[in-house]
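# Geometric and topological summary
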Amino acid sequence: MMTLTINGRKVELEAPVTILEAAKRNGIDIPTLCHHPALELWGGCRMCLVEVEKMPRLQTACTVRVADGMAVRTETPRVVAARKAILEFLLINHPLECPTCDKAGICALQDLTVRYGAVAGRFEEGKRVFPEVVDDPVIVRNMKRCIMCTRCVRMCDGVQGASAIGVIEKGARSHIEPFSGGRYNCEYCGNCLAVCPVGAIMSKLHRYTYRPWQMEKTVKTICSFCGVGCTLRLEVRDESIKRVSAEFGDGVNNGLLCGRGRFGYEYVDSPERLKTPMIRRDGRLERATWDEALDYAAGRLLEIKKENGGGAIGGIAGGRATNEEIYLFQKLLRAGFGSNNIDSIARLGLLPAQKILEDIFGQGAVANLISGIPRSEAVLVVASDPTRTNPVMGLEVRAAARAGRKVIAIGHIDGLRRHRTRRLEAKTGPGQETMIMAGLLSELLKIKPLSGENPEFEEAIKAWGKTLPGPDEVEKATGVSALLISGTAADLKDVSTSSIIAGRELASSMDIRTNMMMLAALGYILNSRIFLISEHPNEQGLIEMGCSPEMLPGERPVDVRTFREKCEQAWGAGINPEAGLTLMEMIEQAGASIKALYVMGEDPAFGLPSRGRVKEALGRLDFLIVQDIFMTGTAAMADVVFPALAWSEKDGTYTNLEKRIQRLKKAVIKEGIEDWRILAEIGKRAGLPSRYRGVADIFREIAQVSPIHAGLGFESIEEGGVLWPYKGKPLSVSSSPSSAAGRFPGSGKAVSISPPPDRNVLKLVLDKPLLHSGTLSTHSDALMDLTGGPEARLCPETGGKLGIADGDAVKVSTGEGQISLRARLESGLPEDALFISNDFREAGAFELFGYQLEPESKTPVLTVQNLKVERL
Amino acid sequence: MSPAPSAEKPLAGLEEIKKNYPASSAALMPALYEARRQFGWLSPEALSAVADALNLPKAAVRSTASFYGMFNQGKTGRHLVRICTNVACMVLGAGSVLEKLEARYGLTPGGTSRDGRFSLAVTECIGACDKGPAMLVDDDMHTDLTGERITEVLERYE
Amino acid sequence: MNTKKIVKTIFMTEILQGMALTLKSLFSPAVTRQYPKEKRQPFPGFRGQHAFVRDAKTGKEKCIACGLCGAVCPSKCIYIYTKEDEETRKKTIDRYEIELLRCVYCAFCVEACPVGAIALTENYEYSDYSREALYMTKEKLLDNWDRFMAGPKGDEYFEKFWTPKQQSFRAHDDQAVFRPKGSNGAARPEADTRPEGVK
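Residues numbered from 1 in each chain as written. Chains lettered and ligands numbered in written order. Predicted model: local features only at pLDDT ≥ 70, side-chain atom pairs only at ≥ 80, totals over all residues. Heavy atoms only, no water.

With 15 residues of chain B in contact, the opposing surface of chain A contributes 14 residues. Summed over both partners, the interface of chain B with chain A buries about 1,200 Å², with 54% contributed by carbon and sulfur atoms. Scanning the region where chain B abuts chain A turns up one salt bridge. Its salt-bridge partner being Arg62(B), residue Glu177(A) comes within 2.7 Å of it at the nearest N-O pair. Our enumeration of links across chain B and chain A arrives at eight residue pairs in polar contact (both at pLDDT 80 or more). Among the secondary structure elements, those contributing two or more residues to the side of chain B that touches chain A are helix H3 (44-54) and helix H4 (58-67) of chain B. Per-element accounting of the side of chain B that touches chain A gives the leading share, six residues, to H4(B). Here the side of chain B that touches chain A is built from residues that sort into seven nonpolar, five polar and three charged. (Contact = heavy atoms within 4.5 Å. Buried area = accessible area lost by both parts, 1.4 Å probe. Salt bridge = Lys/Arg side-chain N within 4 Å of Asp/Glu carboxyl O. Polar contact = N/O pair within 3.5 Å; in protein donor to acceptor, adjacent residues only side chain to side chain. Helix = DSSP H or I, 4+ residues; strand = E, 2+ residues; numbered from the N terminus. Nonpolar A, V, L, I, M, F, W, Y, C, P; charged D, E, K, R; others polar.)

Structural data, given as structure tokens:
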């Protein structure tokens with residue numbers, strides 16, 4: 001406990017903090033320029049100088065820690081004179097172009113100049129001049145405005161970990177530049193421009209289009225790109241988003257964003273957006289009125305139900321729909337049409353992976369806080385690159401590496417290459433992670449004692465673990481040194497808390513059950529919080545809201561009567577007790593047992609493997625309804641198309657990968673009907689009464705039906721969201737239908753791992769670009785300017801072997817199909833891998849991938865046959 | 001001297017340098033010296049090569065290189081002449097040395113002689129204030145310069 | 001009733017006073033103007049309909065699209081939409097609109113403008129039957145300048161009425177001022193670092 005006085009006011013503190021912090025807590029404002037709460041302390045700008053009694057000189061409040069009995073004064077004439085002088089010095093070089101500078105109005109330097117009145121320039125010397133650099137697609141650099149606070153550099157180095165910019169030259173000529181001097185070629189998170197206090201680094205997206213005071217509203221909502229669920233601020237003028245920003249202290253992301261979130265919002269204003277409902281007449285999609293389209297859709301679905309039964313109707317929902325929409329969607333199919341054929345892209349990895357882990361540890365096994373990652377002693381990143389798929393979560397991993405935590409990367413994790421990590425990476429990359437993980441686990445089981453917390457699970461892994469391949473075996477199979485593996489295990493011996501981050505690669509494998517069991521065992525031994533990477537903002541919601549053939553809302557199995565009855569009561573309709581078809585099964589059955597498909601916010605004709613066959617299957621359907629914001633490939637095949645509203649145009653809730661329910665807020669008023677209303681209207685026509693006045697009413701119903709959401713009110717979800725276990729009851733392990741043996745996959749048997757792929761054969765790997773997320777983001781001009789288009793990434797050595805140079809056009813073909821795209825050679829990639837993403841409409845990897853269903857979880861496992869790469 | 005590292009003439013010797021330092025960031029200065037010695041100047045390619053060899057961010061390498069005057073990032077003649085013009089040297093007659101250079105070789109600060117033999121840079125103190133005017137030719141220090149002596153010294157460099 | 005009042009009543013002095021005024025007015029010149037045949041010359045500094053100053057050099061508007069006029073406008077009747085000029089990469093106006101029906105003719109916009117790009121003309125004849133006619137666009141505003149303010153008239157207005165008289169940008173007297181030899185007056189920052197046209 002210490003006492004000090006600030007401006008004569010007595011301040012009591014528990015622990016020593018900086019003077020700045022102490023003042024802030026007591027509502028005393030000390031001006032700063034170089035200080036930023038998210039960044040390393042620097043004390044370079046001298047704006048925060050204060051007078052401390054008995055100290056002869058003025059002190060920087062941002063770096064000096066308080067001591068007991070200290071007397072601080074923050075606005076004495078001496079302090080004010082010093083600040084004024086500093087501002088005057090800054091203004092020697094800072095140009096007075098406020099009238100045309102986009103920062104004017106939210107500029108720290110401008111505000112301080114007004115506050116201290118340092119308006120007089122006493123220097124006649126010319127100002128330093130740097131030409132404005134507009135070479136970059138999204139970031140404009142205007143270095144004559146720079147005040148050298150180095151916030152951007154500290155952000156890029158110390159928080160983002162990209163280290164793309166630095167202070168170039170010295171003295172009066174010093175300025176900030178990326179290595180190239182022009183384009184940034186960085187991760188494009190834009191966090192540098194977010195921390196710039198002046199207009200030196202700014203976004204090009206809204207350049208010169210508005211002034212801050214012309215904003216009509218600022219709406220706090222959730223990002224629409226990945227499962228992290230960052231809090232965004234949308235600044236809106238004339239019903240169009242002008243700027244996306246994030247405030248430090250807000251949400252999961254604490255003010256940080258990635259390139260997609262910050263620069264990817266333009267798709268909502270794309271002229272290609274669907275505006276009116278459409279009906280296929282004489283083979284062509286024609287505009288129709290809402291009533292026509294709704295009547296037609298409901299009528300046809302009822303006809304098909306009458307002829308073939310409810311089981312002939314299927315539904316696929318996308319991960320960008322809100323919880324309320326997903327809930328209504330599955331309710332419509334289950335109660336309105338009597339079908340359990342409901343699935344989503346969560347089937348591609350998250351759902352089966354989570355299901356197996358929850359079977360082992362109980363519901364909520366993966367509900368962990370992202371903010372805990374840098375605080376755990378060790379972080380294991382397995383197979384997936386969080387810095388690409390969930391960039392803001394990736395930052396926490398980098399923070400852990402910076403803080404000296406033991407960060408272990410298993411497999412090729414691009415985004416951690418420059419960070420202090422221990423890399424268990426085979427030179428030949430993909431498909432080896434299972435083996436490496438097994439080696440590490442077998443070694444850990446040998447040296448690290450089990451805690452005894454969960455005897456049932458320990459029993460299950462003891463005998464099973466002995467059959468895991470040891471480090472030597474792993475070395476033989478993968479080339480990763482046995483010494484490195486055992487060394488890593490020894491390093492992890494004393495770890496008492498850790499985090500494990502795993503992705504779709506582990507789930508999209510024939511070994512999914514072994515992988516998950518190993519993940520669970522690793523997690524158990526290392527006392528880990530497990531995070532499953534999630535590519536869509538509401539993938540978790542898809543699972544929780546019952547958008548799967550085997551689960552009702554609240555993740556309750558549909559084959560248990562009590563759970564079914566609860567829903568039947570609330571919905572006033574019977575529910576089919578048998579689980580329906582999964583995602584790929586529905587596609588396979590299209591035209592046979594499945595006659596009609598309702599697709600909401602998803603594009604199966606593009607987003608599912610074996611595209612040729614999927615398209616063919618969709619063509620066999622009698623009736624296809626698509627609800628989307630763009631004319632996707634699937635929509636072009638549909639019989640009825642409903643224009644949906646984009647994420648910024650509606651209210652609702654998203655559940656992120658931590659199982660945190662957050663409110664999505666309507667920022668822009670757009671013509672059209674909210675998605676939930678479309679579903680409710682079709683429901684009405686199918687005999688489901690609907691009394692919803694808004695999403696809050698739907699949420700109320702969810703809280704009634706879903707045990708995990710019980711007692712939760714829509715309005716009570718405040719900033720920061722509601723965290724698992726919300727207020728409701730998770731499904732306990734004991735009430736799970738699976739027996740103990742079934743809950744622990746593979747236990748009681750020897751570990752089965754499919755042999756790793758041949759190291760000498762080129763393998764196709766599904767790439768996850770940092771700046772794109774499905775075809776949606778390709779409608780954002782800025783993101784397209786940054787990436788250019790589809791690319792096949794491979795390492796220069798392999799490129800040399802194949803006779804491919806950087807930038808060459810190549811044709812890639814497999815047994816499934818072929819695409820043409822540009823090749824990009826990148827050093828550091830595994831030698832036997834060809835990375836192609838599935839984000840660009842003109843050339844997506846799913847044209848090349850086939851799939852095979854994992855028999856139990858029905859996860860489509862990507863397969864490739866006859867991969868050929870040719871130069872064009 | 002080739003201007004930049006290439007497949008034929010890559011940047012060599014950094015592994016040796018790295019061994020002498022606990023962290024690769026500590027080896028940055030000697031690595032930059034080495035790169036400059038090998039290529040004469042620090043082209044973007046040379047900086048990239050240093051960054052890759054030390055596993056440091058390229059921007060950080062460029063930042064460090066641009067801070068120090070001796071890491072010239074522009075192309076120079078075969079020899080780089082750096083003359084101190086700080087107070088002591090200036091008082092002792094650096095000005096007349098500069099004039100002589102201009103008259104004899106057509107060298108002005110920042111320029112290169114027509115035959116591509118010398119480039120001239122004006123530098124801050126090089127620590128030979130007692131024996132000014134002083135200059136560095138590449139890495140050799142020459143002191144007590146006069147108008148006559150400087151041509152004598154420079155003629156030794158081809 | 002006192003004597004004074006009685007005298008007034010008997011001699012009808014008040015009526016006579018009134019009649020005297022009438023008589024006087026009968027011979028003085030008429031005040032009524034025969035508008036619209038006869039037009040009134042506004043007093044100097046009159047604040048009539050707006051105009052966009054046309055730069056004599058470029059032939060275009062002087063506006064640098066800073067939006068300060070809209071920010072200062074008390075009735076919020078100025079709408080500015082800006083963009084980046086494709087060629088010059090400078091900030092230019094996309095649309096500039098003034099809703100005259102809401103304007104209170106305070107001329108704050110003129111005072112706020114850092115480049116003297118907007119003016120109030122002496123034009124007061126703009127009543128109309130449609131609202132559209134009173135919705136000013138950039139073209140209409142430039143046209144107004146040509147019609148009413150081009151030439152010395154505009155200069156005079158800026159000089160006399162619209163340039164803020166209080167110069168608060170000067171150095172404080174208690175501070176030493178560094179000036180190159182031979183210069184006098186308050187120091188001014190280099191002109192070349194400001195956006196074109198900023199005074």
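Most contacts, among the two pairs of chains that meet, fall between chains A and C. The two units chain B and chain C are non-contacting; their minimal C-alpha-C-alpha distance is 24 Å.

On to unusual backbone geometry, then. In the segment running from Trp724(A) into Pro725(A), the intervening peptide bond is cis, with an omega of 5°. Along the chain, the position of Pro725(A) falls in the loop between strand E29 (722-723) and helix H26 (740-743). Geometrically, the link from Tyr35(C) to Pro36(C) is a cis peptide bond, its omega value of 5° lying close to zero. Positive phi is not limited to glycine here, since Ser610(A) has a value of about 60°.

Further remarks concern the sheet that holds strand E28 (residues 660-664) of chain A. Residues and elements named next belong to chain A. As summarised here, the arrangement of the three strands in space is E27-E28-E29, forming an open sheet in which the pairing is antiparallel. In this open sheet, the two strands that pair with only one neighbour each are strand E27 (652-655) and E29. Here E27 runs beside E28; their pairing, made up of four bridges, is antiparallel. Along E28, the bridge assignment pairs Thr655 with Ile661. This element, helix H8 (residues 323-336), spans E27 and E28 of the sheet and lies at about 90° to E27. (Pairing = 2+ DSSP bridges. Axes fitted to C-alpha atoms, helices over the stretch in contact; angles between N-to-C directions.)

Residue and element names in this part refer to chain A. Here the structure, examined in full by the defined rule, presents 79 salt bridges over all chains. The partner of Glu701 in a salt bridge is Lys331, and the shortest N-O contact between them spans 3.0 Å. Residue Glu701 is located in helix H25 (residues 695-705), and its partner Lys331 is located in helix H8; the two are separated by 370 residues in the primary sequence. Each of the two residues, Glu701 as well as Lys331, counts as buried. With a shortest N-O distance of 3.3 Å, Arg422 and Asp491 are connected by a salt bridge. Here the residue Arg422 occupies a position in strand E19 (residues 422-424), and Asp491 occupies one in helix H15 (residues 482-491), the gap between them amounting to 69 residues. Among the charged side chains, a salt-bridge network with shared partners connects Arg388, Asp414, Arg417, Asp767, Glu791, Arg793, Arg822, Arg824 and Glu826. (Buried < 20%, exposed > 50% of the residue type's maximum accessible area, 1.4 Å probe, protein only.)

What follows is about the confidence of the model for chain B. Residues and elements named next belong to chain B. The predicted model of chain B has a mean per-residue pLDDT of 86, with 96% of residues at 70 or higher. Per-element averaging of pLDDT across chain B places helix H7 (residues 147-154) at the bottom with 85 and H4 at the top with 93. For this predicted complex, the interface score ipTM comes out at 0.86, while the overall pTM is 0.89. (pLDDT = per-residue confidence, 0-100.)

Residue and element names in this part refer to chain A. Judged by pairing direction, the sheet is mixed, and its six strands sit side by side in the order E30-E34-E31-E33-E32-E37 without closing on themselves. Single-partner strands in this sheet number two, and they are strand E30 (763-767) and strand E37 (868-871). With strand direction ignored, the average angle separating the axes of adjacent strands in the sheet is 35°. In this sheet, strand E34 (residues 833-837) lies alongside E30 in parallel orientation, the contact comprising five bridges. Each residue of the ladder has a partner; that of Asp767, found in E34, is Ser837.

The next subject is the domain arrangement of chain A. Residue and element names in this part refer to chain A. Looking at the assigned domains, one finds that chain A contains domain 1 (2-75), domain 2 (123-269), domain 3 (278-345 + 547-709), domain 4 (350-532) and domain 5 (763-871). On a C-alpha basis, the centres of domain 3 and domain 4 stand 36 Å from each other. Across the contact, eleven residues belong to domain 3 and 16 residues belong to domain 4. In this assembly, domain 3 packs against domain 4 so that about 950 Å² is buried in total across both faces, 54% of it on carbon and sulfur atoms. When the area that domain 3 buries against domain 4 is broken down by residue, the three leading residues are Leu657, Glu658 and Lys659, summing to 59%. Here domain 3 is connected to domain 4 by one salt bridge. Linking Lys659 and Glu358 is a salt bridge whose minimum nitrogen-to-oxygen distance equals 3.1 Å. (Domains from an automatic or database assignment.)

Okay, the nonpolar core next. Residue and element names in this part refer to chain A. Membership of the largest hydrophobic core comes to 143 residues, with the highest contact counts inside it found for Leu519, Phe642 and Ile682. Element by element, the count of residues in this core is highest for helix H17 (residues 512-525), at ten residues. A domain-level breakdown of this core finds at least three residues from each of domain 3 (278-345 + 547-709) and domain 4 (350-532). Contacts of Phe642, omitting those with residues within four sequence positions, involve Pro277, Trp290, Ala293, Leu294, Ala297, Tyr598, Ile625, Val626, Gln627, Asp628, Ile678 and Ile682. The next biggest cluster of nonpolar side chains, apart from the first, holds 89 residues, and it includes Met143, Ala164, Cys230 and Trp647. (Core = buried A, V, L, I, M, F, W, Y, C linked by side-chain atoms within 4.5 Å.)

Our next topic: the pairing of strand E8 (residues 175-178) of chain A. All names here are of chain A. Residues His175 and Glu177 of E8 are buried on one face, and the alternating residues Ile176 and Pro178, pointing to the opposite face, are buried as well. When strand E7 (residues 165-168) meets E8, the two strands line up antiparallel, connected through four bridges. Bridged to Gly166 within E8 is Glu177. Between E7 and E8, which pair antiparallel one after the other, the connecting turn spans six residues, and Glu169 there sits at a positive phi close to 65°.

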